[in-house]
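# Remarks on the overall topology
Next come the chains, spelled out residue by residue.
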Amino acid sequence: MQVKSKINSILESALNSIGANPKEVIVSEATKAEFGDFQYNGAMALAKELKQNPRKIAEDIASKLESNELFSKVEVAGPGFINLTINREFLEESLIASLDSRAGVGKKEEQIRVVVDYSSPNMAKQMHVGHLRSTIIGDTIANLFEFLGDEVIRQNHIGDWGTQFGMLVAYFEETGANADAKLSDLEQFYKEAKARFDENEEFATKSRQNVVKLQSGDKATLKLWKTFIEKSLHHAQDIYNSLGVKLDNSHVRGESAYNDNLENIVKELEQRGIAKESQGAKCLFFEDSETPLIIQKADGGYLYATTDLAAIKFRVQELGAKRVCYVVDARQAEHFKQVFKTAKSAGFANEDTLLEHIAFGMMLDKSGKPFKTRSGGTVKLKELIDEAVDRAKSVISRASEYDEQELEHIAKVVGIGSLKYADLSINRQSNYIFDWDKMLSLDGNTALYMQYAYARINSILNRAEEFKIVKPTFSDELERRLALKILNLEDTLNRAYKEAMPHLITNYLYELVSLFMRFYEQNPILKEGVDEEQKNSRLILAKATANAIKVSLNILGIEVLERI
RNA sequence: GCACUCGUAGCUCAGCUGGAUAGAGCACCCGCCUUCUAAGCGGGCGGUCUCAGGUUCGAAUCCUGACGGGUGUACCA
């Protein structure tokens, strides 16, 4: 149910009928409960255009709305605020739709094909905390788009090409018979190879030669390279599985996949006169930027800008994407700005193709400093996940009621849910302070709060006999507000879709569940003294709430539990 | 130097398509379990929205500048 858009269109015709045609009509949720459910503040802005008193305009608009059965109250306040209260009966009737598995949320009218590029781990190393945000924000966005009807193509643009592989190959050859054993810890293997690379010039040269061999398709080198990739992918897949992220090998299309196209990309850009030579390198210059985008080095080598351009071309022209989302660290903002601009001017993407950098802030430690990237100080993703699960296990209050296997499952769902929720609930654009205690604390606005509410509802539904799917009757204002919140899910998801902002969903969830918790405390469902009709109504409210929670959490990639 | 970005309660964050006394959680204090899961609920404490100008009937929100933090800035990805 899209309550807001419904109101917007009613408002729009009301506005038109008094001769106003604002370019956008937007109601917002009321800032105070006493103002009603929604408010429209546009009357004040129209005062100049219409050369009328804003209060008068508001009253004119209000008089057109009053007759509409959607509203039970239309009120003009102050200089020209229009406060709207939604008719209780309308909510009662609409709530039934929320009992289905989509919590009453429809698909978008226009559905498009979207590529979401996320995770993109480096294949030479283990995944670490630095990969967490891209992986879970990207997965959430992909889930959300899919849920609303888009055809989503997930792309894992893995870092599987470049110097580090020359290095690994060289080290593998050097260690000979021990190599296979050593590979069981790829991280360690990489470290040793890197150390060799830094200290030994001969080794470094050999590594670079291996890169050339790789790029020119030398069979033996390629074979070795493949074993590294397989090993790494296997590791990444373990992480995805335990995180419940929907990436698999079919989504992998790494840097190496574009290797053969790079030459043509450069050629094409040169022929179109977009690329120019400067200091021996092939570059693209931009008016608003003093640094160019380099697509080919002076020594002939290609760069990640070249790969990215090849990838855009592939995604738009071969995959047919109308929207391409790059879930990548905010530090690459300028890079993507230039790449997108180039892709459009070169015709790799159409003018109306949406190329978006879904930027997110860095992960900082408690003292506000960035995590180290190279020198051993990083937290491995695997360790992080394990600890999240361990901590969750130690916190489960009803632990004695479960057997070992059940406990394990609950700990996993709660621990990983908390880990993801903590990240997703923060506006992705700001830096994210990574704090074990906060992330794994199981209080407040966390996954656990939602999961707990869900389990509470489930407990009631299990106890209750089947309830009738008939129009409920709300017994107080709280129930009416809870219903309205449930019906707001679709508007929330649509806004989160437009802005690619997962935290809008967590904000919504928190409001929804807070309302439910109050309802739960105040309005008994199965207790004595509750009449049949009331009981039935409240069961419908509870069920609809559970659906909204489940749908929202599923989009965030977080599981619910029947019992906790 | 230039560009981008952020600066809201002790801490972590919402709010920023301009609107009516700026909202949460944590922490701290008080109250609520013989009845649907107290991992909960209710109440209290706590803010010159970094500062200074400007636009506007109205600014945490838009613009300019200053200060402070972060990031990026020619052949790494």
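Okay, so let's go over this structure. (Residues numbered from 1 in each chain as written. Chains lettered and ligands numbered in written order. Predicted model: local features only at pLDDT ≥ 70, side-chain atom pairs only at ≥ 80, totals over all residues. Heavy atoms only, no water.)

## Describing the overall build of chain A
Note the following rule: Elements are defined by DSSP. Helices are runs of H or I of four residues or more, strands are runs of E of two residues or more, and each kind is numbered from the N terminus. Whether a residue is buried, partly exposed or exposed follows from its accessible area with a 1.4 Å probe, protein chains only, as a fraction of its type maximum: under 20%, in between, or over 50%, in that order. Note on contacts: a residue pair qualifies if any of its non-hydrogen atoms lie within 4.5 Å across the two residues. With residues, only the protein chains shown are counted as cover, and all accessible areas are computed by Shrake-Rupley using a 1.4 Å probe.
Secondary structure assignment for chain A yields 21 helices and 13 strands. Projected onto its principal axes, the C-alpha coordinates of chain A cover approximately 85 × 70 × 40 Å. Counting every position in chain A, which comprises 564 residues, the buried fraction comes to 53%. Intrachain contacts of chain A at a sequence separation of at least 6 include 74% that bridge at least 24 residues. Entry remark: accessible area of chain A is about 26,300 Å², with carbon and sulfur atoms responsible for 47%.

## Some thoughts on the sheet that holds strand β10 (residues 323-329)
So the rule is basically this: Strand pairing follows a simple DSSP-based rule, namely that at least 2 bridges must link the two strands. Under this scheme, a helix contributes an axis fitted over its contacting stretch, all axes are lines through C-alpha atoms, and angles between N-to-C directions fall in the 0 to 180 degree range.
Read from one edge of the open sheet, four strands run β6-β5-β10-β11, paired in parallel fashion. If you trace the sheet from one side to the other, it starts and ends with β6 (151-155) and β11 (354-360), each paired once. Between one strand axis and the next, the sheet turns by 20 degrees as a mean value, whatever way the strands run. The pairing of β10 with β11 spans seven bridges and is classified as parallel. Bridging from a neighbouring strand, V328 pairs with A359 of β11.

## Some points on helix α13 (residues 333-345)
Formally: To estimate how far a helix should reach, multiply one less than its number of residues by 1.5 Å.
Here α13 is 13 residues long and its end C-alpha atoms lie 18 Å apart, about the 18 Å a rise of 1.5 Å per residue gives. Along α13, the residues that are buried comprise H335, F336, Q338, V339, F340, T342 and A343. Its buried side turned inward, α13 meets α11 (262-271), β8 (281-286), β9 (289-296), α12 (304-318), β10 and β11. Looking one or two residues beyond α13, the residue adopting positive phi is G347, at roughly 80 degrees.

## Notes on unusual backbone geometry
If you check the backbone angles, K51 has positive phi at about 50 degrees while not being a glycine. Taking the relative accessible area as the measure of exposure, K51 reaches 76% and is therefore exposed.

## Topic: the packing of α11 against α12
What counts is decided by this rule: An angle counts as roughly parallel when it lies under 35 degrees, as roughly antiparallel when it exceeds 145, as roughly perpendicular when it falls between 65 and 115, and as oblique in every other case. Under the grouping applied here, Gly and all other residues not named as nonpolar or charged are polar, the nonpolar ones being Ala, Val, Leu, Ile, Met, Phe, Trp, Tyr, Cys and Pro and the charged ones Asp, Glu, Lys and Arg.
Contact pair α11 / α12: the axes reach a minimum separation of 9 Å and the direction vectors enclose 90 degrees. Put simply, α11 runs roughly perpendicular to α12. Note on element contacts: α12 touches α11 through T306, T307, L309, A310 and K313, opposite L262, I265, V266, E268 and L269. A per-class count over the contact of α11 with α12 returns six nonpolar, two polar and two charged.

## Structural notes on the pattern of salt bridges
Rules: One side-chain nitrogen of Lys or Arg within 4 Å of one carboxyl oxygen of Asp or Glu is enough to make a salt bridge.
Tallied over the full model, the rule gives 34 salt bridges. For E174, the salt bridge goes to R196, with nearest N and O atoms at 2.6 Å. Taken together, the residues span a long stretch of sequence, with E174 in helix α6 (residues 163-175) and R196 in helix α8 (residues 186-199) at a distance of 22 residues. Here K282 ties to E270 by a salt bridge, and the two come within 3.6 Å at their closest N and O atoms. Of this pair, K282 sits in strand β8 while E270 sits in helix α11; the two residues are twelve residues apart in sequence, bridging distant segments of the chain. By relative accessible area, E270 is classed as partly exposed at 36%.

## Topic: the packing of aromatic side chains
Threshold: When the centres of two rings from Phe, Tyr and Trp lie within 6.5 Å, Trp using its six-membered ring, the rings pair. Their planes under 30 degrees apart give stacked, over 60 give edge-to-face, and anything left gives tilted. A ring is scored as having a charge over it whenever the NZ atom of a lysine or the CZ atom of an arginine sits within 6 Å of its centre and within 35 degrees of its normal.
Per the counting criterion, the structure on display carries 14 aromatic pairs. Where Y326 meets F340, the ring centres are 5.5 Å apart and the plane angle is 45 degrees; that geometry is what we call tilted. Separated by 14 residues along the polypeptide, Y326 in strand β10 and F340 in helix α13 bring together distant segments of the chain. Geometry around F314 places R253 over its ring, the cationic atom sitting 3.9 Å from the centre. In this structure, R323 is placed above the aromatic ring of Y497, and the distance from its NZ or CZ to the ring centre is 4.9 Å.

## Quick word on the nonpolar core
Formally: The nonpolar core is taken to be a set of buried Ala, Val, Leu, Ile, Met, Phe, Trp, Tyr and Cys residues, with the residues joined through side-chain atoms within 4.5 Å.
Residues I7, I61, L65, I86 and I549 are the most contacted members of the largest nonpolar core, which totals 133 residues. No other element matches helix α21 (residues 532-555), which puts eleven residues into this core. Other than its neighbours up to four places away in sequence, I86 contacts V3, I7, D37, F38, L70, F71, S72, L91, R480 and L484. Counting 32 residues, the second-largest nonpolar core is a separate cluster that includes A311, F314, L319 and F348.

## Brief notes about the sheet that holds β8
Read across the open sheet, the three strands follow the order β7-β8-β9; overall the sheet is antiparallel. Each edge of the open sheet carries a strand with a single partner, namely β7 (276-278) and β9. The sheet shows a mean angle of 55 degrees between the axes of neighbouring strands, direction not considered. Pairing geometry for β7 and β8, over three bridges, is antiparallel. Bridged to S278 within β8 is A281. Helix-sheet contacts for α13 involve β8 and β9, and the interaxial angle to β9 is about 70 degrees.

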